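Listed below, chain by chain, are the residues.
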Amino acid sequence: MRAVGWTAMAMAALAAPQALAAEAPSQASLDRFAETLGYKLTMVDNRPACPAGIDACFLSTITLTLPETLPADMPTKGLSLYFSFVNRLPLVESDIFTHRLINGDVQQLTLKPGAKLRPGSRHEIKLWGVGSNFSKAFGMPNAYLVADGLNARTIAATRAAIDPETGLEILPFVAPMTDEARLATKSDADKTRWLTAERAFDVQADRSAPEATGVVILPKPAKAVQAKGEPVDLGRGIAVTLDGVDRSAVSPALAALGAAENGALPLTVRIDPAAAAKPESYILDAKASGIAITAHDAAGASYALRSLAQQAAFEKGRLTPLHVEDAPEYGFRGLHIDLGRNFHSRDEILKLVEAMAAYKLNKLHLHLAEDEGWRIEIPTLPELAEIGSKRCHDPSETTCILPQLGAGPEGTSGVNGYLTVADYVAIVAAAAARQIEVIPSIDMPGHSRAAIKAMELRYARLAAAGKKTEAEQYRLIDPADTTEYRSIQNYSDNTLNVCLPATYRFVDTVVDALADMHKRAGVPLRTFHLGADETAGAWVNSPACKAMIAENGGDAGKLTPRFIERVSKSLAAKGLEAGGWSDGMGHTDTAAMPKKVQTNIWGVLHTGAIREAHDQLNRGWDVVLSIPDLGYFDMPYAPHPDEGGYDWASRAVDPYQVYGFMPDNLPANAATIRNIYAEGKAIEDKPVLAPGHRIAGLQAQLWSETIRTDAQVDYMFFPRLLALAERAWAPAPWTPAYRSGASYEWGDKRIDAAKLKAGWQDFAGRTAAQFPPLEKIGIAYRVAPPGARIANGKLEANSMFPGTAIEYRIGDGAWTRYAGPVAVSGAVDLRSRSADGKRASRTVRVEPAR
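Residues numbered from 1 in each chain as written. Predicted model: local features only at pLDDT ≥ 70, side-chain atom pairs only at ≥ 80, totals over all residues. Heavy atoms only, no water.

J.: How do you make sense of the pairing of strand β3 (residues 80–84) when you look at a structure like this?
T.: Both faces of the sheet carry side chains from a regular strand, because those side chains alternate between them. Within β3, five of the five residues are buried, leaving the element largely enclosed by the surrounding structure. Because side chains alternate across β3, one face comprises the buried residues Ser 80, Tyr 82 and Ser 84, and the other comprises Leu 81 and Phe 83, equally buried. (Buried < 20%, exposed > 50% of the residue type's maximum accessible area, 1.4 Å probe, protein only. Helix = DSSP H or I, 4+ residues; strand = E, 2+ residues; numbered from the N terminus.)

And the structure:
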C-alpha cells in the first residue's frame with residue numbers, strides 16, 4: 001500500500017502560507033467544532049408509517065448536539081456536513097439543513113440560509129430510507145464538516161474504535177438497537193427473531209457436540225483409520241525424501257508440520273498417479289518407523305502433509321499410527337475477497353493464503369476493482385492506482401475519488417491503498433507454492449466508477465498537453481451520452497461505455513498487465529473474472545452506441561451480453577478462461593461464448609439460485625456455487641443487531657447452515673434452509689438439471705462494504721470457512737440422490753436429519769480442534785457468544801463449539817469462569833473466550849424469567 005497524492009487544499013496551503021495563516025483562526029474554529037460536536041445515529045423503526053410517495057421505508061435519525069461554547073469566528077459560509085448512508089434516502093427532514101445526494105452513498109447536509117448555530121442546541125435530522133436497517137453495522141463512520149476555504153474535518157464523535165476485548169471495530173456513535181418489535185422485521189410476514197442468549201441456548205442444546213477424539217482432520221478424509229502401536233514421534237525430527245516432486249512444491253506444507261528436519265523419523269513423499277489415481281489425491285501412512293506419502297501430484301502431496309500437520313497439532317506431536325486415503329470430489333474450492341470497497345493488506349491476503357492451504361482450498365478470487373476503489377497497479381495506466389485507490393474530500397475528484405462508505409475526508413485511512421506489482425507477484429507466488437490459483441477480477445461494465453474517474457483524469461492531463469489522440473486511447477465514457485441512471489448502489493456514472501473501442505483497449509491492457517505479473521511469479525494466468533453483473537440501464541442516449549443499439553433491435557439492454565461475449569472471446573484468444581457472475585453471464589448467447597466458461601452462481605437459494613445454476617450447468621459451463629445462503633460471508637452469523645454485515649440475502653449464515661449444505665441437490669436444501677423471512681418454504685426443481693452435469697465446486701465470498709479492518713476479515717471468514725472447506729471437499733452424506741423434477745419442502749423426511757446432526761457434532765469437535773492452529777497462523781476467528789438462560793434461579797450456559805471457555809459477571813463484579821449451573825439473582829452478563837484466552841466474544845445478557 002502506498003500513500004498517494006495530496007489534496008488540492010494542502011497543495012494550495014504550501015503554495016500560499018500567508019493565506020493559510022490568515023485563515024488559521026477559522027480553520028482552528030472548525031477543527032474545535034468537529035472535535036466537540038455531538039453526533040448520534042439512531043435506528044428508530046423498520047416498520048414506520050411511511051411519508052407519502054415513499055414505499056417500504058425505515059426511519060433513522062442523526063442527532064447533533066452543539067457544544068456549550070462556540071467561537072466567535074465560527075465559520076458558517078458554505079458549512080456542510082457530509083455522511084455516508086448506504087440505502088436510498090428520498091427524504092431528509094431537518095430544521096437547519098437541506099439535503100443533497102452527492103453520489104453513491106455520500107450525502108451532504110448544508111446549513112440553510114439564515115439558520116443559526118446556537119451553543120448547546122440539539123438538532124434531530126430524520127432520515128427516511130428505503131428498505132431496512134437490521135444492524136448497527138450499517139452505520140458508516142467518519143462524517144465530516146466542510147466550510148468555504150477550509151480543510152474538511154472529521155467529526156470526532158463519528159470515528160470508529162477498536163474494542164480491546166474483542167479486537168474488532170466498534171461504532172460508538174451508533175445507538176444500541178434494543179426494540180425487537182420495531183427493529184427486527186419489516187412486517188408480520190417476517191418470522192425472523194433476534195438470536196438472543198436464551199434462544200441461542202436452545203439451538204445449541206439441540207446441536208451440542210462432545211470434544212473431539214480420534215481423527216480431527218478437516219476437511220474430513222474419505223478414509224482415515226487409526227491403529228494400535230507405538231506413537232509417531234515428530235519430536236525426533238524428520239528426514240525428508242522426495243520422489244517426483246520438487247521441494248518448492250511442498251515446502252510450505254512441510255513447514256506447517258513444525259518438525260525439525262535432518263532428524264531421525266523418515267518421511268517419504270512420492271508422486272505415483274498409478275497408486276493415487278485421482279487429481280489431488282493422496283495416501284498417507286504414519287507409523288513409528290516412518291511416514292510414507294503417495295500422491296497423484298504435488299497438490300495431493302501437500303494435502304497429505306497438511307492432514308498430517310493437523311493431526312500432529314492435535315496430538316501434541318506424538319501421533320497414533322494413522323492411515324489416510326483421500327481425494328476431493330470438487331475441483332474448485334474457492335475463497336473470494338473484495339479489496340475494492342475497502343482495501344485489505346498484502347499481509348492479510350498472504351495470511352489467508354496459508355489458511356486456505358491448511359484446509360485444502362485451491363482458488364483465490366481477488367476482487368481488485370469496484371466503484372469505490374481500484375486496487376492493483378497497472379504500470380502503463382498509473383492514474384488507476386494513484387487516484388482510483390484513494391478516497392477523500394475532493395469534490396472535483398482530481399486527487400482522489402469521493403469518500404464512499406465512510407472513508408473520511410483525509411485520504412489516509414486504512415480503507416485506502418492498492419497492491420503494487422511486487423505485492424501482487426508475491427501473492428501469486430505464495431499461492432502457487434500452495435497449489436492455489438489466483439483469479440483476478442475487474443468488475444465491468446458496471447461497478448467501474450473508480451476506473452472511469454481515473455481514466456478521465458488521464459484524458460484531461462493528456463488533452464491539456466495537446467495529446468488528444470493519446471488522451472482518447474483509454475477514455476471509458478462517451479461525453480455526449482445524456483443517459484440518466486442509478487445503479488443498485490446509487491451511482492449515476494459507474495458503467496463503462498461498451499460501444500467505444502477504448503473500452504476494449506482498456507480491458508486488453510489490464511488483462512495483459514495481470515498476465516505479465518503472473519508470468520513474473522512463474523505461474524501463467526489461467527482465468528480472468530470480468531464480473532459482468534448489475535449493469536444499470538446505461539448508454540440509451542449515447543451517440544457512440546446508436547449503431548450498436550440498432551443492431552440489437554433497438555434494445556440497449558442487449559449491449560451488456562454483447563460486451564461479455566466479445567470480452568470472453570478475446571480472453572479465449574489469449575488462452576484464458578472467462579469468469580463472471582451468473583446474472584450477467586446468463587443473458588449471453590451460449591453459441592456466441594467460448595466453450596469453456598466459469599460462472600459464479602449468486603442467486604439466493606429460495607429465489608434465483610436453482611434457475612441460474614441448472615440453466616448454466618446445462619450449457620456445459622464450469623458452475624461454481626457462490627450462493628449467499630451458503631457462502632456470502634459478509635452476511636451476519638446470526639440475526640442480531642450487534643452482528644455485522646449486509647443482510648439483503650440472508651439474515652444469518654452460520655457454520656451449521658454452511659456445513660449442512662447439499663451442493664449436488666440444490667432443491668433439497670429447502671429441507672434445512674429457511675428463506676429471508678425465516679419461513680420454511682418449498683423449492684421447485686425448475687429448470688431441471690440435464691444428466692451428466694455436476695458443479696465445479698464452491699466459493700466463499702467476502703464483500704467488504706462494512707469490513708474495514710483485517711481483524712474483521714478474519715472474524716467474518718472463520719470458522720464459517722472451515723464448514724465451506726468441508727463441503728467443498730466432498731458432498732454431504734445425507735444428500736438424497738438428485739431426481740429430475742423432484743421438489744422439497746421444509747423438514748423433508750428424505751433428508752436424514754439424524755445423519756446431519758451426527759455429522760455436525762463430529763464437525764463441531766474437529767472445528768474446535770482447529771482453533772489453536774488458526775491462532776498460530778494469526779487468524780482472529782470469531783468467538784461465538786454463549787447461549788445462556790436462567791432457570792429456577794440458576795444460570796446455565798452452552799457454546800456452539802465444544803471446549804469453549806465461558807465467563808459470566810453479575811452486576812459490576814469480576815468476570816468468573818463458568819463451570820456449570822450456578823445460582824444467581826438478577827441479570828447476568830456472559831462472554832466466551834478464544835482458545836488462547838486473548839480475545840473475547842461480544843457480551844450478551846440474560847435476565848431471570850418474569
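J.: What is the right way to look at helix α6 (residues 298–314) in this model?
T.: Residues spaced three or four apart along an α-helix point in a common direction, a consequence of the helix completing one turn every 3.6 residues. A rise of 1.5 Å per residue sets the reference length of α6, with its 17 residues, at 24 Å; its end C-alpha atoms lie 25 Å apart and thus fit the reference within 8%. With respect to burial, α6 is a largely interior element, 14 of its 17 residues being buried. (Expected span 1.5 Å × (residues − 1).)

J.: Hey, could you run me through the state of the cysteines in this one?
T.: Cysteine pairs can be covalently joined through their sulfur atoms, and such a bond is termed a disulfide. All chains considered together, the criterion is met by three disulfides. Note on cysteine connectivity: Cys 392 is disulfide-linked to Cys 400, with sulfurs 1.8 Å apart. Across the S-S bond of Cys 392 and Cys 400 the torsion is about -80°, and the bridge reads as left-handed. Cys 400 carries the same exposure label as Cys 392, and that label is buried. A sulfur-sulfur distance of 2.0 Å marks the disulfide that ties Cys 499 to Cys 545. Disulfide Cys 499 to Cys 545: torsion about the S-S bond roughly 110°, handedness right-handed. Here the residue Cys 499 occupies a position in the loop between α11 (468–472) and α12 (501–520), and Cys 545 occupies one in the loop between β25 (527–531) and α13 (546–551), the gap between them amounting to 46 residues. (Disulfide = S-S within 2.5 Å.)

J.: For this particular structure, what's the right way to read the nonpolar core?
T.: For soluble globular proteins, nonpolar side chains are generally found buried alongside one another. Ranked by internal contacts, the top residues of the largest apolar core, which has 147 residues, are Trp 374, Leu 625 and Phe 717. In this structure, Phe 717 is in contact with Leu 335, His 336, Ile 337, Leu 352, Phe 633, Tyr 637, Ala 700 and Leu 702, ignoring residues within four places of it in sequence. Within the second largest apolar cluster, 38 residues are counted, among which are Leu 30, Ile 96, Leu 111 and Leu 127. (Core = buried A, V, L, I, M, F, W, Y, C linked by side-chain atoms within 4.5 Å. Contact = heavy atoms within 4.5 Å.)

J.: Got a minute to help me understand the packing of aromatic side chains in this structure?
T.: Both the distance between ring centres and the angle between the ring planes are used here to describe each pair of aromatic rings. Per the counting criterion, the structure on display carries 22 aromatic pairs. Pairing Trp 602 with Trp 648 gives two aromatic rings, centres 5.8 Å apart and planes at 80°, and the pair type is edge-to-face. Taken together, the residues span a long stretch of sequence, with Trp 602 in the loop between β27 (597–601) and α16 (609–618) and Trp 648 in the loop between α17 (628–631) and α18 (655–659) at a distance of 46 residues. Consider the rings of Tyr 632 and Trp 703, whose centres lie 6.3 Å apart with planes at 50°: the pair is tilted. Of this pair, Tyr 632 sits in the loop between α17 and α18 while Trp 703 sits in the loop between β29 (697–702) and α19 (710–717), and the two are 71 residues apart along the sequence. Given a relative accessible area of 10%, Trp 703 falls into the buried group. The structure contains a cluster of three or more aromatic residues connected by ring pairs, namely Tyr 656, Tyr 659, Trp 734, Trp 760, Phe 763, Phe 771, Tyr 781 and Phe 801. We note Lys 360 situated over the ring of Trp 729; from NZ or CZ to the ring centre the distance is 5.9 Å. (Phe/Tyr/Trp six-rings, centres within 6.5 Å; stacked < 30°, edge-to-face > 60°. Lys NZ or Arg CZ within 6 Å of the ring centre and 35° of its normal.)

J.: Where do I start with the sheet that holds strand β33 (residues 816–817) in this structure?
T.: Strands pair in a sheet through their backbones, by hydrogen bonds, and they do so in one of two ways: parallel or antiparallel. Spatially, the four strands line up as an open sheet ordered β33-β32-β35-β36, and their pairing is antiparallel. One side of each edge strand has no neighbouring strand; the edge strands of this open sheet are β33 and β36 (844–846). Pairing geometry for strand β32 (residues 805–810) and strand β35 (residues 828–833), over six bridges, is antiparallel. Directly across from Ile 810, in β35, lies its bridge partner Val 828. (Pairing = 2+ DSSP bridges.)

J.: Honestly, the pairing of strand β26 (residues 577–581) in this entry has me stumped. Any pointers?
T.: Counted residue by residue, β26 has five buried out of five residues, so it is predominantly covered. Here β26 shows no split at all, with Glu 577, Gly 579 and Trp 581 on one side and Ala 578 and Gly 580 on the other all buried. Here three bridges tie β25 to β26, and the two strands are oriented parallel to one another. Considered in β26, the bridge of His 529 is made with Gly 579.

J.: What is the right way to read the pattern of salt bridges from this model?
T.: For side chains of opposite charge, pairing can occur when their charged atoms come near one another. Evaluation of the coordinates by the stated rule reveals 57 salt bridges. Its salt-bridge partner being Arg 708, residue Glu 169 comes within 2.7 Å of it at the nearest N-O pair. A residue pair is termed long-range when its members are at least 10 positions apart, and Glu 169 in strand β11 (residues 169–170) and Arg 708 in the loop between β29 and α19 qualify at 539 residues. Given a relative accessible area of 10%, Arg 708 falls into the buried group. (Salt bridge = Lys/Arg side-chain N within 4 Å of Asp/Glu carboxyl O.)

J.: Is there a simple way to explain α16 in this structure?
T.: Most of α16 sits inside the fold, with seven of its 10 residues counted as buried. On its buried face, α16 sits against α15 (582–585), β27 and β28 (622–625). Looking at the residues trailing α16, positive phi occurs at Gly 620, about 85°.

J.: Explanation requested: the sheet that holds strand β4 (residues 91–93) in the structure shown.
T.: Taken in spatial order, the four strands line up as β1-β2-β7-β4 in an open sheet, and their pairing is antiparallel. Where the open sheet ends on each side, the last strands, each with one partner, are β1 (38–45) and β4. Across the sheet, the axes of successive neighbouring strands diverge by a mean angle of 20°, strand direction being ignored. Where β4 meets strand β7 (residues 122–130), three bridges bridge the pair, whose relative direction is antiparallel. Bridged to Leu 91 within β7 is Trp 128. (Axes fitted to C-alpha atoms, helices over the stretch in contact; angles between N-to-C directions.)

J.: Any chance you could explain empty space enclosed by the protein here in plain terms?
T.: Regions of empty space are outlined by a rolling probe, equal in size to a water molecule, passed over the atoms. Across all of its chains, the model carries six cavities of 30 Å³ or more by this definition. If you add up the space inside the largest cavity, you get close to 110 Å³. Taken together, 17 residues form the lining of the largest cavity, with Leu 41, Phe 85, Asn 133, Phe 138 and Gly 139 sitting closest to its centre. At the level of secondary structure, the elements contributing two or more residues to the lining of the largest cavity comprise β1 and β2 (57–65). The greatest single-element share of the lining of the largest cavity, amounting to three residues, is contributed by β1. Computed from the structure, the second largest cavity encloses a volume of approximately 80 Å³. Together, Phe 33, Leu 37, Leu 64, Leu 66, Leu 79, Leu 81, Ile 96, Phe 97, Leu 111, Leu 117, His 123 and Leu 145 line the second largest cavity. In the lining of the second largest cavity, the residues fall into 11 nonpolar, one polar and no charged. (1 Å grid on protein atoms, 1.4 Å probe; cavity = no way out; pocket = protein on both sides within 12 Å on 5 of 7 lines; lining within 4 Å. Points joined across faces, edges and corners; volume = space filled by probe spheres on them. Nonpolar A, V, L, I, M, F, W, Y, C, P; charged D, E, K, R; others polar.)

J.: What's the story with the packing of helix α7 (residues 346–358) against α19 in this structure? I'm lost.
T.: For any two helices packed against each other, one specifies the inter-axial angle together with the distance between the axes. Contact pair α7 / α19: the axes reach a minimum separation of 10 Å and the direction vectors enclose 25°. By the criterion of interaxial angle, the relationship of α7 to α19 is roughly parallel. The handedness of the crossing between α7 and α19 is right-handed. Where α7 abuts α19, its residues Glu 348, Lys 351 and Leu 352 lie against Asp 710, Val 713, Asp 714 and Phe 717. (Parallel < 35°, antiparallel > 145°, perpendicular 65-115°, else oblique. Left-handed = near helix turned anticlockwise from the far one by under 90°.)

J.: Can you help me understand the confidence of the model for the protein in this one?
T.: When pLDDT is low, close inspection of the predicted coordinates is not appropriate. Of all residues in the protein, 97% attain a pLDDT of 70 or more, and the chain-wide mean is 95. Overall, residues 1–24 carries pLDDT values under 50, and its contacts beyond four positions in sequence, including any with other chains, amount to 28 contacts. (pLDDT = per-residue confidence, 0-100.)

J.: Mind showing me how you'd approach the environment of Ala 768 here?
T.: Its place among the elements puts Ala 768 in helix α21 (residues 753–777). The residues contacting Ala 768, other than those within four sequence positions of it, are Phe 801 and Pro 802.

J.: I would appreciate a short explanation of the environment of Gly 149 in the present structure.
T.: Inspection of the secondary structure puts Gly 149 in the loop between β8 (144–146) and β9 (153–154). Along the sequence, Gly 149 and Gly 78 sit 71 residues apart, while their C-alpha atoms lie 8.9 Å from each other.

J.: It is not clear to me how unusual backbone geometry should be interpreted in this structure. Could you clarify?
T.: Phi is mostly negative for residues that are not glycine, and the peptide bonds are mostly trans. Look at the link from Leu 218 to Pro 219: it is a cis peptide, with omega at 5°. The residue Pro 219 is located in the loop between α4 (197–207) and β12 (223–226) in this model. The step from Met 444 to Pro 445 runs through a cis peptide bond, and the omega angle for that step is 0°. Its location among the elements puts Pro 445 in the loop between β24 (437–444) and α10 (449–464). Of note in this structure, Leu 405 is not a glycine but carries a positive phi near 55°. Here Leu 405 lies in the loop between α8 (383–386) and α9 (421–432). We note that Asn 490 has phi near 80°; this positive angle belongs to a residue other than glycine. With respect to the helices and strands, Asn 490 occurs in the loop between α11 and α12.

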